Amino acid sequence: MKTIFVIISLSFWPILVKAQTETSKIDTEEYKSSCGIKVDKQAEFPGGTNNFFIFVRKNLRWPVKSQDIEGRVIVEATITRNGKLTDAIVKRGLSKEQDREALRLINKSPKWEPAMLNGKAIDSKYYIIISFKRDIE
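Attention here is on the structure that accompanies the text. Because the structure is predicted, anything quoted here is derived from the model rather than measured.

Topic: the packing of aromatic side chains
Two measures describe an aromatic ring pair: the distance that separates the ring centres and the angle between the ring planes.
Part 1: This structure, assessed with the given rule, holds 7 aromatic pairs.
Part 2: Each ring, one from Trp-62 and one from Phe-132, has its centre 5.5 Å from the other, and the planes form 80°; the classification is edge-to-face. Of the two residues, Trp-62 is situated in the loop between helix 1 (49-59) and strand 2 (71-79) and Phe-132 in strand 6 (residues 124-132); the sequence distance between them amounts to 70 residues.
Part 3: With centroids separated by 5.9 Å and ring planes inclined at 50°, the aromatic side chains of Trp-112 and Tyr-126 adopt a geometry described as tilted. Of the two residues, Trp-112 is situated in the loop between helix 2 (96-108) and strand 4 (115-117) and Tyr-126 in strand 6; the sequence distance between them amounts to 14 residues.
Part 4: According to the relative accessible area criterion, Tyr-126 is buried, its value standing at 0%.
Part 5: Every member of this aromatic cluster is reached through a ring pair, and the members are Phe-45, Phe-52, Phe-55, Trp-112 and Tyr-126.

In structure tokens form, the structure reads like this:
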């Protein structure tokens, strides 16, 4: 059942994306909001979460000046009723270069399918987590 998509409107739905890897995880508990409004349908990247992971893997460029810094950049963004990502800001960063790259990536994102409430598209906020981590093999 897709209860993960019926979280809370105007909530923060984190997405953990591992740069340059094949594995990704969704961590919905750590940054979930508690505003109490339930939506009929949560905002979604075109084609779903897996397509968002693919988009990130294809488009993320690890900054040369920050090659040795690993961790997560947490970006807050609004997904408008038109599906556009706006007002993206870094809530927790790593380096100036990685923060800029995370914002560039979020701003490059195609339009999402907006959250729906009572049959109408609404604005919703998300925390999107971009992970800069190299797998050691």
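Following the structure, the description resumes.
Side note on the packing of helix 1 against helix 2
Part 1: Contact pair helix 1 / helix 2: the axes reach a minimum separation of 11 Å and the direction vectors enclose 125°. When the axes of helix 1 and helix 2 are compared, the pair comes out oblique. Of the two possible hands of crossing, helix 1 and helix 2 adopt the one that is right-handed. When helix 1 is examined against helix 2, the residues Phe-52, Phe-55, Val-56 and Asn-59 are found in contact with a partner set consisting of Glu-101, Arg-104, Leu-105, Ile-106 and Lys-108.
Part 2: Residues belonging to the contact of helix 1 with helix 2 are distributed by class as follows: 5 nonpolar, 1 polar and 3 charged.

The rules behind the values
- Residues numbered from 1 in each chain as written.
- Predicted model: local features only at pLDDT ≥ 70, side-chain atom pairs only at ≥ 80, totals over all residues.
- Heavy atoms only, no water.
- Phe/Tyr/Trp six-rings, centres within 6.5 Å; stacked < 30°, edge-to-face > 60°.
- Helix = DSSP H or I, 4+ residues; strand = E, 2+ residues; numbered from the N terminus.
- Buried < 20%, exposed > 50% of the residue type's maximum accessible area, 1.4 Å probe, protein only.
- Axes fitted to C-alpha atoms, helices over the stretch in contact; angles between N-to-C directions.
- Parallel < 35°, antiparallel > 145°, perpendicular 65-115°, else oblique.
- Left-handed = near helix turned anticlockwise from the far one by under 90°.
- Contact = heavy atoms within 4.5 Å.
- Nonpolar A, V, L, I, M, F, W, Y, C, P; charged D, E, K, R; others polar.

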